[in-house]
Structures are given as C-alpha cells and as structure tokens.
Amino acid sequence: MTGVQRGFSKVALFAVCITPFILVVMRAVEVMGMSLGPNPVTELLHTMGKTSLNILLITLTISPARRLTKINALVIYRRMLGLFSFFYLVVHFCAYAVLDLGLAWSTLYVDITQRPYITVGMLALALMIPLAVTSTRGMQRRLKRKWLTLHRTVYAIGILAVTHYMWQTKLDLLEPLIYSLILAILLGERLARRLHRRHVNAHRPA
Amino acid sequence: MSKTTNQIKPSEITPESAFLSRRRLLKSAAAAGLIPAIGCDAAQIPADGDFSNLKAWPSSVTEAPNSYEDITQYNNYYEFGTGKEDPARNAHTLVTSPWTVEVTGEAEKTGKYALEDILQPHTLEDRIYRFRCVEAWSMIVPWVGFPLGDLLARFQPNSQAKYVQFFTLNDPNQMPGVRRNVLQWPYREGLTIAEAMNPLTLLTVGVYGKVLPNQNGAPLRLIVPWKYGFKSIKSIVRIHFTDRMPQTSWNMSQPSEYGFYSNVNPNVDHPRWSQASERRLGSSLFSSRIPTLMFNGYADEVGDLYRGLNLVENF
C-alpha cells in the first residue's frame, strides 16, 4: 500500500466510525424526520454503549484477521478503532452520568458500588483510560515491551463489557450471548495460539 | 331534521357489518342471560374504531397525557418481539374479531363468552391513569374501559375464589414472538380477588377514545395502574378463579426479580436497578427523572389492600 492509499483508507475508516455519532446527533436534534423516540435518554445510552462494544470487538478482530489473511497492513487501523471504541464509551458514560443521573454523585456512588452491571461497566471504562492515553506512537516506543503487556488488558475489558451488557439485559439474552460467542472466539484464538506456542517450545530439541 | 333524512332507514346509516353484529350480539347476550336490561349505553367495539358517549371519570390524573404515538409505538408485548418497536411493526397479524374469553374455576357462571357478551351490559369510561413500567419509564394514558370487578361479579365467583388468573392468547401463527421461549407461554398474570374487585382495576378496550391497537393488547386487556406494567396483561382469552396464588409469567421466569404483587414502590428496588425515580416518555433529552410515587400515586385508593403486608418481602 502506498502512503496515499494508507492515508485515504484511514480517512474512509474515520468517516465510517464517526457515522454512528453523527446519526445520533441528528436524531437528538430531530432533523430529517429522525428522532431518538419517546425515551431519548435510554435510546442514546443504549445506542452509544452498543456502538462502543461493536467497535471494541472489531478492534479485537484485527490481529486474528491479520494472521488469517497475512495482510499485515491491517494493523494500521487498530489504534483508530480502539480510540473510537473509547470515544463511544465516554459518550455512553456521559449520557448516563450527566443526562440520566443529572450528575447526582450520591446516586452514581450507589450505582457503582451496589449494581454489579454498573460496577463492571465502570471498571471497563477505568481500564480503558490508560490504553487511550498510551495509544500514541511515542508512548508505544517509550514503554517498549511494557506497552504490549499493558494493552493486553483489552481482553479483560472485552469480558467486562460483554458482562455489563449481559447483566443489564432484562430478559432476552440472545444478543448478549451472540456477543459473548464472538468474544469467546476472538479470545479463544489467542489462547489456542499461546498454548500451541508453549507446546512447540517445550518439545523443541535441545 | 328534514323530511328526506327521516326517510333513511337505520340500515343505510349504520355500516351493514356493524348493524348485523350488533343484532347478533344482542341475541347471543340475551340467550346467555347476561343482560338484565338493555341500556342505551351498552358497550361494544365500534366498527369505525371511535368510541362515542364515553362516560367521563372524575378522578383522572390532571397531568397531560402522552401522545397517541408514544403510547402506541413504544410497547412491551413480547409475543410480537422483545424490541420496543417490534409490537407496533408485527402485531397486525393478530386477529381480534371474533374474540372469545373462557371463564373457568371457582365461579358459578363459567364457560365461553363472546367479546360482545362480555362488554354488553357495561358503560365505558374515559380514564386517565399513570402507567409505570418496571423498566423505570412511565406515561400518562387516557384508557377506555370499565371496572373489572363489574364483569367478575357477573360470573358469580364462589367463596373459594381467592385469586383471579388471566391468560393471553398463545398462537404462533399470529404471534411470531411465542416461537421463542423467552417467557413461558401463554403469558399469564394474576391478582388477589380484592385487587381484582378494586374499582381502579380497569378492563380496557380502548385508548384516546379509539379501539385499542393490536400492539396495546387488543381487543381486551387489563390495566392495574398501581402495579408495574407487566401486570396489566394484554389480549385476554381466559379468566380463571382459583383458591391459590396463581402462576405469573415474569415470576416464573425470574422469581427473585418479579414478585406476585409487583406494586409500584419507590422504596423497593429491582435487584438490578433503582425504582426510586422514573423517566416520563416524551420528555426531552435534557429533562430529569421524576420521583416515583408509592403505589404509582394511588396509595389512597389501594393502600388498604396491603395493610399489614410486608411490601419488601411481598414485592
């Protein structure tokens, strides 16, 4: 891929990733007959949370897809995807803390400490902040191997995020289970590779 | 009135189908011995969809009702899908006429009744109630109906009738949602006989002066305004009088989260979320939650039903 192609494809990916945000803003200000419906806060909350989770799972697909297709260049999209997942997570959190709770800190405290689905959601947000902060190339260089270790917390974040989705679902677990299955495949592939590598190393002739 | 209008026969004014069904209804109701006297306010489902001569009810809430669109496009009716817009999209397949309600259990006059016979002796009222979903959203709805107790009395429940159970239609051909067992079908709900006889408990056939749209539980549903919305069972096909606390679908599915009583209570949280406040449908993105009222604001009317009952244990 040439530099121009890279640049162009990144702009295209940015446009795709920002689209859910533009759409939700258009629905919020009710243009072109769009709206968030009768329960706008809940709709905004759910849409942004789902978008963050969707992009997180796509981010986690990059490495296996790269190994499968042998297209190494896919890795250049991973940072942007990760940051967009974080962006939607922040919007999701703001919709909850500012619009839904009206910044009632005592309620926020009770929610975080007593409602398990909110506890795991907040934990996912907290764990994602260092990843966003250290996402720059400079940080990557400075942290060296530690960067890799740090960014492996994304696997834990994936599990927390899907758990958060599952635990807040009232009854119909079909969708959260589909998300769990996709996450299990993505993490399972990594685990299998790791076990395989260990096996190969152990049986290597001295 | 001019001379010409006098010459028009009633059969030319009334749509033929309505005219015939009205005649059929009167005949069958009389045969069933259900009509002591035929009043001019005999209730029926109007062919044109608009109820007329509804009796005003003095105790309606004074808050502005939600829009017809909000009430009919944001529904929980899992037989037509678990998304809020699913029922409005899918419920057109429900056939509401003819409709039969079977009455069983501890009562003298059990049997099958046509909807026309169920409604005939009653006077329909316009009642504006608060409606509070267990998911912590709420709305104000102008329902059309009559007190359930007036109907139940006609079936002459006996002294063993301590509870009343209700069942929704369960037909996979009309209801795509029942092909998946997200809840145990048929959907069922129940009340104590005292709750059922409370004058607030409304057997409902309409909203905003119009016939209930399918997604809102046509043709016949319950509205129990001091309980969470799922107690207000839709599209009723069976009423069962019993001496023991009946099974209810949500309780069967998640007994730790949904009790038999399910009275609106800001002091008893759902295990996973707070019930202290609610979001009013139709409010803006920036409007805040409003406090939830004990018994959804109907404490004066129904508080006595629960005197001495531990509402934390009997949630």
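Notes on the structure follow. (Residues numbered from 1 in each chain as written. Chains lettered and ligands numbered in written order. Predicted model: local features only at pLDDT ≥ 70, side-chain atom pairs only at ≥ 80, totals over all residues. Heavy atoms only, no water.)

What follows is about the packing of aromatic side chains. Summed over all chains, the structure comprises 23 aromatic pairs over all chains. Ring centres of tyrosine 77 of chain B and phenylalanine 80 of chain B lie 4.9 Å apart, and the angle between their planes is 90°; this geometry places the pair in the edge-to-face category. With respect to class, tyrosine 77 of chain B is no different from phenylalanine 80 of chain B; both count as buried. Ring geometry for tyrosine 78 of chain B versus tryptophan 250 of chain B: centroids 5.6 Å apart, planes at 65°, classification edge-to-face. With tyrosine 78 of chain B in the loop between helix H4 (68-73) and helix H5 (86-90) and tryptophan 250 of chain B in helix H9 (residues 249-253), this pair connects stretches of sequence that are 172 residues apart. Overall, tyrosine 78 of chain B belongs to the buried group, its relative accessible area being 9%. Three or more aromatic residues link up through ring pairs in this structure, and these residues are Phe14, Phe21, Phe84, Phe87 and Tyr88 of chain A. The aromatic ring of tyrosine 74 of chain B is capped on one face by lysine 84 of chain B, whose charged end is 5.7 Å from the ring centroid. Above the plane of the ring of tyrosine 298 of chain B lies arginine 130 of chain B, whose end atom (NZ or CZ) is 5.2 Å from the centre. (Phe/Tyr/Trp six-rings, centres within 6.5 Å; stacked < 30°, edge-to-face > 60°. Buried < 20%, exposed > 50% of the residue type's maximum accessible area, 1.4 Å probe, protein only. Helix = DSSP H or I, 4+ residues; strand = E, 2+ residues; numbered from the N terminus. Lys NZ or Arg CZ within 6 Å of the ring centre and 35° of its normal.)

So, about the side chain of arginine 221 of chain B. Residue and element names in this part refer to chain B. Assignment of secondary structure puts arginine 221 in strand E10 (residues 221-223). Although arginine 221 is buried, it forms no salt bridge, and the closest oppositely charged side chain is glutamate 79 at an N-O distance of 10 Å. Leave out the neighbours within four places in its chain, and arginine 221 touches Phe131, Trp143, Leu202, Leu203, Thr204, Leu212, Asn216, Ser232, Ile233, Lys234, Ser235 and Ile236. (Lys, Arg positive; Asp, Glu negative; His and termini not counted. Salt bridge = Lys/Arg side-chain N within 4 Å of Asp/Glu carboxyl O. Contact = heavy atoms within 4.5 Å.)

This brings us to the nonpolar core. Formed by 79 residues in total, the largest nonpolar core has its most connected members in Trp143, Phe155, Phe166, Leu222, Ile239 and Phe241 of chain B. It is strand E5 (residues 137-147) of chain B that provides the largest number of residues to this core, a total of 7 residues. In this structure, phenylalanine 166 of chain B is in contact with Leu148, Tyr187, Arg188, Glu189, Gly190, Leu191, Leu222, Ile233, Ile236, Arg238 and Ile239 of chain B, ignoring residues within four places of it in sequence. Counting residues in hydrophobic clusters, the runner-up holds 50 residues, among them Leu57, Phe86 and Ala161 of chain A together with Leu285 of chain B. (Core = buried A, V, L, I, M, F, W, Y, C linked by side-chain atoms within 4.5 Å.)

Moving on, we come to the pairing of strand E6 (residues 163-168) of chain B. On any regular strand, side chains alternate: one points to one face of the sheet, the next to the other face. Residues and elements named next belong to chain B. Within E6, 6 of the 6 residues are buried, which leaves it mostly tucked inside the rest of the structure. Residue alternation in E6 divides its side chains into two sets, Tyr163, Gln165 and Phe167 and Val164, Phe166 and Thr168, and both sets are buried. Taken together, the 5 bridges between E6 and strand E7 (residues 188-192) define a ladder with antiparallel strand orientation. Across the sheet, residue phenylalanine 167 finds its bridge partner in E7, namely arginine 188. Alignment of E6 against strand E11 (residues 236-242), held across 6 bridges, turns out to be antiparallel. Bridged to tyrosine 163 within E11 is threonine 242. (Pairing = 2+ DSSP bridges.)

A few words now on the pairing of strand E3 (residues 111-114) of chain B. Where strand E2 (residues 100-105) of chain B and E3 of chain B come together, 4 bridges link them in antiparallel fashion. Each residue of the ladder has a partner; that of threonine 100 of chain B, found in E3 of chain B, is alanine 114 of chain B.

Turning to the packing of helix H1 (residues 3-28) of chain A against helix H3 (residues 78-100) of chain A, a few remarks are in order. Residue and element names in this part refer to chain A. Look at H1 against H3: their axes get within 11 Å of each other, and the N-to-C directions meet at 15°. As summarised for this structure, H1 and H3 are arranged roughly parallel, according to the angle between their axes. The element H1 and its partner H3 pack so that their crossing is right-handed. Note on element contacts: H3 touches H1 through Met80, Leu81, Phe84, Phe87, Tyr88 and Val91, opposite Lys10, Leu13, Phe14, Cys17, Ile18, Thr19, Pro20 and Phe21. Here the residues of the contact of H1 with H3 sort into 12 nonpolar, 1 polar and 1 charged. (Axes fitted to C-alpha atoms, helices over the stretch in contact; angles between N-to-C directions. Parallel < 35°, antiparallel > 145°, perpendicular 65-115°, else oblique. Left-handed = near helix turned anticlockwise from the far one by under 90°. Nonpolar A, V, L, I, M, F, W, Y, C, P; charged D, E, K, R; others polar.)

This brings us to the packing of helix H2 (residues 40-69) of chain A against helix H9 (residues 174-202) of chain A. Residues and elements named next belong to chain A. Orientation of H2 relative to H9, taken along the N-to-C sense of each, is 30°, at an axis distance of 11 Å. The orientation of H2 relative to H9 falls into the category roughly parallel. When you trace H2 past H9, the crossing you get is left-handed. From H2, Lys50, Leu53, Asn54, Leu57, Leu60, Thr61, Ser63, Pro64 and Arg67 reach across to H9, where they touch Glu175, Tyr179, Ile182, Leu183, Leu186, Glu189, Arg190 and Arg193. Taken together, the residues of the contact of H2 with H9 sort by class into 8 nonpolar, 3 polar and 6 charged.

The next subject is unusual backbone geometry. All names here are of chain B. In the segment running from tryptophan 185 into proline 186, the intervening peptide bond is cis, with an omega of -5°. As for its position among the elements, proline 186 is in the loop between E6 and E7. Alanine 218 connects to proline 219 through a cis peptide bond whose omega is -5°. Within the secondary structure, proline 219 sits in the loop between strand E9 (210-211) and E10. You will see that asparagine 296, though not glycine, has its phi angle at about 55°, which is positive. With respect to the element layout, asparagine 296 can be found in the loop between strand E13 (290-291) and helix H10 (299-302). The class for asparagine 296 is buried, based on a relative accessible area of 2%.

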